[in-house]
Amino acid sequence: MEVLSVENLKVKLEGREVLKGINFSIKYGEKVFITGPNGAGKTTFLETVMGFIPFTGRISFRGKLLKRERDFEEVREKIGYVFQNPDDQLFAPTVEEELAFAPLVKGLKREEVKRIVEITLREFEIEHLREKPTYKLSGGEKRIVSVACVVTMEPEVILLDEPTTGLDRKRWEKLVAFFEKSRSSLVVVTHDTKLMERLGWKRYVMEDGKLCSA
Ligand SMILES: Nc1ncnc2c1ncn2[C@@H]1O[C@H](COP(=O)(O)OP(=O)(O)O)[C@@H](O)[C@H]1O
Ligand SMILES: [Mg+2]
């Protein structure tokens, strides 16, 4: 059963066709990689699925066609997105507040938010960063915090754009452990061959705006 599906997705940016008719689908709990050269359209693809970029074609989530801005807003907490550049994602004064943001917006009670924040801090071994301002984090710390923030939403699908960039060995292993145990569907855009070999998921290749199975 497919959770997310895309048919004949086309995107033009500044008059140039950047996505040239993408077909893609992912099942509940399925985990896949998208790899391919720089400039191929991987980031554009994820951003289009999030509803950030105008497109033609069809994007459906849980069988419902997403057309207008409102449709995307409705599913935004169900589809998590980890940006290629964590600075585009992180905005709260501290790590703790960053992690609390999505659960608060969801309308969860204070104690429940606190519980989720604590579990997530522990899961990613970032308790010591709790009060640190996000702008003072190292590159690797920002990366792991940006993943942790999306996880607090408990999304059904998580799109991650080059999530292992800048991670040291320990954090890399932490992320791999999370990927293995996550029950969400995962779409991981990456160049990290070690990651792809380690996890062995299905691979797609994006090349010049076209997506094919590897
Ligand atoms: N805002 C934009 N305006 C115009 N062209 C863009 C914009 N964003 C990306 N592009 C172009 O779209 C193509 C795909 O970029 P991108 O999706 O970032 O590729 P990838 O993530 O695979 O490296 C590139 O040629 C890039 O220059
Ligand atoms: Mg990219």
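Now for a description of the structure that goes with this document. (Residues numbered from 1 in each chain as written. Chains lettered and ligands numbered in written order. Predicted model: local features only at pLDDT ≥ 70, side-chain atom pairs only at ≥ 80, totals over all residues. Heavy atoms only, no water.)

## Things to note about the environment of G36
Here comes step 1: The topology assignment puts G36 in the loop between β3 (31–35) and α1 (42–49).
Here comes step 2: According to the relative accessible area criterion, G36 is buried, its value standing at 9%.
Here comes step 3: With 17 residues separating them along the chain, G36 and I53 place their C-alpha atoms 21 Å apart.
Here comes step 4: Contact partners of G36, with chain neighbours within four places excluded, come to K42, H191, V205 and M206. (Helix = DSSP H or I, 4+ residues; strand = E, 2+ residues; numbered from the N terminus. Buried < 20%, exposed > 50% of the residue type's maximum accessible area, 1.4 Å probe, protein only. Contact = heavy atoms within 4.5 Å.)

## So, the packing of aromatic side chains
Here comes step 1: Under the criterion given, the structure shown has 11 aromatic pairs.
Here comes step 2: Aromatic rings pair up to connect F33, F124, F178, F179 and W201 into one cluster.
Here comes step 3: Taking the ring centre of W172 as reference, the NZ or CZ of K194 above it sits at 5.9 Å. (Phe/Tyr/Trp six-rings, centres within 6.5 Å; stacked < 30°, edge-to-face > 60°. Lys NZ or Arg CZ within 6 Å of the ring centre and 35° of its normal.)

## Some words on the coordination of the magnesium ion (ligand 2)
Here comes step 1: The protein atoms that coordinate the magnesium ion (ligand 2) are T43 (OG1) and Q84 (OE1), at distances spanning 2.0 to 2.4 Å. Within this pair, whereas T43 is found in helix α1, its partner Q84 is found in the loop between β6 (79–82) and α3 (95–105), the two being separated by 41 residues in sequence.
Here comes step 2: Residue T43 is classed as partly exposed on the basis of its relative accessible area of 23%.
Here comes step 3: You can call Q84 partly exposed: its relative accessible area is 34%. (Donors = N, O, S within 2.8 Å, 3.2 Å for Na, K, Ca; no water.)

## Side note on the pairing of strand β8 (residues 185–189)
Here comes step 1: By the criterion of burial, β8 is predominantly enclosed, with 5 of the 5 residues buried.
Here comes step 2: A two-sided burial pattern is seen for β8, the buried positions comprising S185, V187 and V189 on one face and L186 and V188 on the other.
Here comes step 3: The sheet contact formed by β3 and β8 spans 4 bridges and is parallel. By the bridge assignment, F33 is partnered in β8 with V188.
Here comes step 4: Of the pairings in the sheet, the one linking strand β7 (residues 157–161) to β8 comprises 5 bridges and is parallel in character. If you follow D161 over to β8, its bridge partner there is V189.
Here comes step 5: As for the winding sense of the linkage, the β-α-β connection from β7 through helix α6 (residues 169–181) to β8 is right-handed. (Pairing = 2+ DSSP bridges. Right-handed = clockwise from strand over helix to strand, strands pointing away.)

## Section: the site of ligand 1
Here comes step 1: All residues adjacent to ligand 1 are L13, E14, R16, V18, P37, N38, G39, A40, G41, K42, T43 and T44.
Here comes step 2: The backbone of G39 places a nitrogen or oxygen atom 2.7 Å from an oxygen atom of ligand 1.
Here comes step 3: The contact in question runs from an oxygen atom of ligand 1 to an N or O atom on the side chain of T43, over 2.8 Å.
Here comes step 4: Considering ligand 1 on its own, with 560 Å² of exposed area, one finds that the protein chains cover 63% of that surface.
Here comes step 5: Secondary structure elements with two or more residues in the shell around ligand 1: β2 (16–27) and α1.
Here comes step 6: It is α1 that provides the largest number of residues to the shell around ligand 1, a total of 3 residues.
Here comes step 7: Each residue belonging to the shell around ligand 1 can be placed in one class, and the counts come to 4 nonpolar, 5 polar and 3 charged. (Near = heavy atom within 4 Å. Polar contact = N/O pair within 3.5 Å; in protein donor to acceptor, adjacent residues only side chain to side chain. Areas by Shrake-Rupley, 256 points an atom, 1.4 Å probe, with all protein chains shown as cover. Nonpolar A, V, L, I, M, F, W, Y, C, P; charged D, E, K, R; others polar.)

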